[in-house]
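Architecture and fold: a report
Given next are the chains, with one letter for each unit.
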Amino acid sequence: MVDLDEPAIVIIGSGAAGGTVAHELTARGIQVVVLEAGRHIQPHEFVQEDGAAFGQMTWLDKRRATGSWLAATVSPAAPLWTVKAVGGSTLHWNGLAYRMQEHEFRPSSEYGQIEGADLIDWPLSLAELDPWYSKAEYKLGVTGTHGIPLHGANNNYRVLWNAARRLGYQRISNGNLAINSAPRDGRAGCIQLGFCNQGCKVSAKWSTAVSEIPRSVATGKLDLRPNSMAVRIEHDARGRANAVVYRDAAGNMQRQSARLVCIAGNAVETPRLLLMSDSARFPQGLANSSGKVGRHYMHHVGGGTFGLLPKPVNMHRGITVSGALFDEARHDPKRGFAGGYLIETMALAPSTLAMLLDPADWGERNASFIGSYDHLAGMLICGEELPRADNRVTLDATERDHLGLPIPVIHVDRSPNDLALERHARRTTQSLFEAVGATDIRQIRTALATHNMGTTRMSADPQHGVVNSFGRAHDVPNLFVSDGSVFASSSAENPTLTIVALALRQADHIASGLARGDY
Amino acid sequence: MRDASTSSIEAAVSAALAETAVLSRRQVIGFGTAALSVGMFAGWMDTAVSAVSVDPAVATLATVARDMFPHRQVADSVFVKFAQSQLGVADENQRKMLRSGLEDLERRAGGKYRQLGPAARVKLLASLAGTEFFSSVRFAALINLYSDPAVVGLFGYEGASFAKGGYLARGYDDLRWLPDPE
């Protein structure tokens, strides 16, 4: 245990970002403290039932959603679906490990001025991130990279592949999953349990809870403190972060001295912590001279489509998101919107599917659909959501949570571009299902945000964002943001691989700085 | 006009009343909008249900649930057990809300909800959509039914797979009515 008075390297969060940075530093012999708000859940504790699994690991501290997004209507107190546990949201992620596309690092240059959007280019290129993507793919064991074999084509993917081919699409793949197709790196091969979001009981799916965290512990250099909620980052007279105040497992407030702080609390808790760390020197919140902390919140344009097929599919058997169609991921303004989208396979358990079908609908129409469960197949839309300055995380002026902290308010209004992209994507899924003979097709709206990005975005110009390309705060030289909050745009791809690649690059930068005596 | 489904509900109620078993099973508390407001599933908890009540409201509530979820494959006894459990929840306010909702329903039905034809019942239920009673019953029935392995098993959902070794050797890729992907 690192002494509270010893100025430590403190990482807040143990998910894809925090767990990765912790591992990279401890592997180099550098001592770190990780503060994790949640508890340690062991793989054998995972429950193969959606409701129980959701209750076991979801971050449900009170929040408030406002604006025109669906969450504000149907789940205003819990608009996100992220995990509060050691390993963070890598416990429930579906393992899709896609790289962003080259043009997606330059949305301002490529898309131009878009009504209702506030675009900047990333201060780094795909070429700069490529080697880190490759390292990330190796660490996660991503199928189809580094000679790692693909999984067999599961039933849901067979539907998507055939549908896409019949419509003339070319780029369909079941590769790039961070789920072992055979035993590798101390983790088992996938046995196709199904519903990866419930937590992987055999650890075939990569998570920091089964890879980076135990490995870091084994170095003897990780001081992991679960059930420890960071509530404030303090700074010294020079404006450098020098302590993290947190509530420990016993409910007592502690103050860990710090010489360097990495925040990796996901894109709502990360800006919330900075906003809660305001001071005379940083009256708008720590590292917020730009006023951008909390702004440009993005969660992807999402939604689902389910179809009733003429013969059995059994979508519940095996990997939940087993492949994707990439043809529509391009930027093609002729379609009437900027950015692109992926169509991914999707399976839902009956109770979840029933909840997500139009709640205003019931009776015979819904019963006949759910009652044909083994004939259903599913697709998920994952599209680029453009950043808007007023889609943002703020602190509620009056309402406090169970710890007495101001609850975060997440405001999202949907832009014309997002709506146009979604309409196009839904026409595509409709056509895909029609192409394989679906006789009943349901478009469903998904309320809960799982891909959270952008709230401390990286920028070349300190006035346009909060951190630089390494995630280092423009205002505070020993404060880093490690998670998806740093994304300058959302891209069409699932964010985790990019988060890990950026975290690897950041950790390398921090280690070099430490070696030079910068911190 | 009486239709087959309500008369069989009556029979199922009689059968259930003949049993004296006390139910203890997963229940939904914090119904409807309250549960939804903290997320899709946050209202789930384990509570014990006190006793089976001898009560005509059971048959009406079972019929309402069946009308909301008219699965021909599902036995009436499932809906009756659901109704019994709901009318026996520990939360008194919840019980009162359900009772008053059922009274309102019967008032609108002239005291003969179960004797109405299916189309008339559905029309009446539709007029209640958006009420707390309707939302609560719909949400609770949805969770109860679709989380019950015996129910969803009838639709082809095979449930938790770990104890059976997953689907690697049990058909994760057995779809043959479309060509194999290249």
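Computed from a predicted structure; not experimentally measured. (Residues numbered from 1 in each chain as written. Chains lettered and ligands numbered in written order. Predicted model: local features only at pLDDT ≥ 70, side-chain atom pairs only at ≥ 80, totals over all residues.)

Take the overall build of chain B next. When helices and strands are tallied, chain B shows eight helices and two strands. Put simply, chain B runs from its N terminus to its C terminus through helices and strands in the order α-β-α-β-α-α-α-α-α-α. In chain B, which comprises 182 residues, the proportion classed as buried is 42%. Restricting to contacts in chain B with at least 6 residues of sequence separation, those with at least 24 account for 73%. (Helix = DSSP H or I, 4+ residues; strand = E, 2+ residues; numbered from the N terminus. Buried ≥ 20, exposed ≤ 12 C-beta atoms within 10 Å, placed from the backbone. Contact = placed C-beta atoms within 7 Å.)

All names here are of chain A. Taken together, the six strands give an open sheet; going across it, the order is 4-10-11-12-9-15, and neighbouring strands pair in antiparallel fashion. Two strands lie at the open edges of the sheet, namely strand 4 (172–173) and strand 15 (440–444), each paired on one side alone. As paired elements, strand 4 and strand 10 (residues 324–325) share two bridges and run antiparallel to each other. Across the sheet, residue serine 173 finds its bridge partner in strand 10, namely alanine 324. (Pairing = 2+ DSSP bridges.)

Now for the confidence of the model for chain A. Taken as a whole, chain A shows an average pLDDT of 97; of its residues, 100% reach a score of 70 or greater. When the elements of chain A are averaged for pLDDT, helix 3 (residues 71–74) of chain A gives the smallest value, 92, and strand 16 (residues 479–481) of chain A the largest, 99. (pLDDT = per-residue confidence, 0-100.)

Each partner contributes to the interface: chain B provides 41 residues, whereas chain A provides 46 residues. When contributions to the side of chain B that touches chain A are tallied by element, the ones reaching two or more residues are helix 2 (32–37), helix 3 (56–68) and helix 7 (132–146) of chain B. Its residues assigned to classes, the side of chain B that touches chain A comprises 26 nonpolar, 10 polar and five charged. (Nonpolar A, V, L, I, M, F, W, Y, C, P; charged D, E, K, R; others polar.)

Residues and elements named next belong to chain A. The N-to-C vectors of helix 6 (residues 155–166) and helix 11 (residues 416–435) enclose an angle of 100°; their axes lie 8 Å apart at closest approach. Classed by the angle they form, the pair helix 6 and helix 11 counts as roughly perpendicular. Counted together, Ala163, Ala164 and Arg166 of helix 6 and Leu432, Phe433 and Ala435 of helix 11 form the full contact between these two elements. Considering only residue class, the contact of helix 6 with helix 11 consists of five nonpolar, no polar and one charged. (Axes fitted to C-alpha atoms, helices over the stretch in contact; angles between N-to-C directions. Parallel < 35°, antiparallel > 145°, perpendicular 65-115°, else oblique.)

Turning next to the pairing of strand 13 (residues 392–400) of chain A. Examined bridge by bridge, strand 13 of chain A and strand 14 (residues 406–412) of chain A share five bridges and lie antiparallel to one another. Across the sheet, the residue bridging to Arg392(A) is His411(A), located in strand 14 of chain A.

A few words now on the sheet that holds strand 3 (residues 64–67) of chain A. Residue and element names in this part refer to chain A. Read across the sheet, three strands follow the order 3-14-13 without closing on themselves; strand pairing throughout is mixed. The sheet is open, and its two edges are formed by strand 3 and strand 13, each paired on a single side. Each strand axis lies, on average, 35° off the axis of its neighbour in the sheet, ignoring direction. On the sheet, helix 8 (residues 266–276) packs against strand 13 and strand 14 and is oriented at approximately 60° with respect to strand 13.

The end-to-end C-alpha distance of helix 12 (residues 496–516) of chain A, which contains 21 residues, comes to 30 Å, matching closely the 30 Å that a straight helix rising 1.5 Å per residue would cover. Just beyond helix 12 of chain A, the residue with positive phi is Gly517(A), at close to 85°. (Expected span 1.5 Å × (residues − 1).)

Residue and element names in this part refer to chain B. For the pair helix 3 and helix 7, interaxial distance at closest approach is 10 Å and the crossing angle is 75°. On the basis of their axis angle, the class for helix 3 and helix 7 is roughly perpendicular. Here Val64, Ala65 and Met68 of helix 3 come into contact with helix 7, specifically with Val137, Arg138 and Ala141.

Residues and elements named next belong to chain B. With 74% of its residues at a pLDDT of at least 70, chain B reaches an overall mean of 80. Model confidence for chain B, summarised as mean pLDDT per element, is weakest for strand 2 (residues 44–46) at 29 and strongest for helix 8 (residues 149–152) at 96. When the criterion is pLDDT under 50, residues 20–53 qualifies, and its contacts beyond four places in sequence or with other chains add up to 78 contacts. Complex prediction metrics read pTM 0.92 and ipTM 0.94.

All right, on to the nonpolar core then. Grouped together as the largest cluster of nonpolar side chains are 206 residues, with contacts concentrated most on Val10(A), Ile12(A), Val244(A), Val261(A), Ala62(B) and Ala65(B). Examining the composition of this core, we find that 10 residues originate from one element, helix 7 of chain B, more than from any other. (Core = buried A, V, L, I, M, F, W, Y, C linked by C-beta atoms within 7 Å.)

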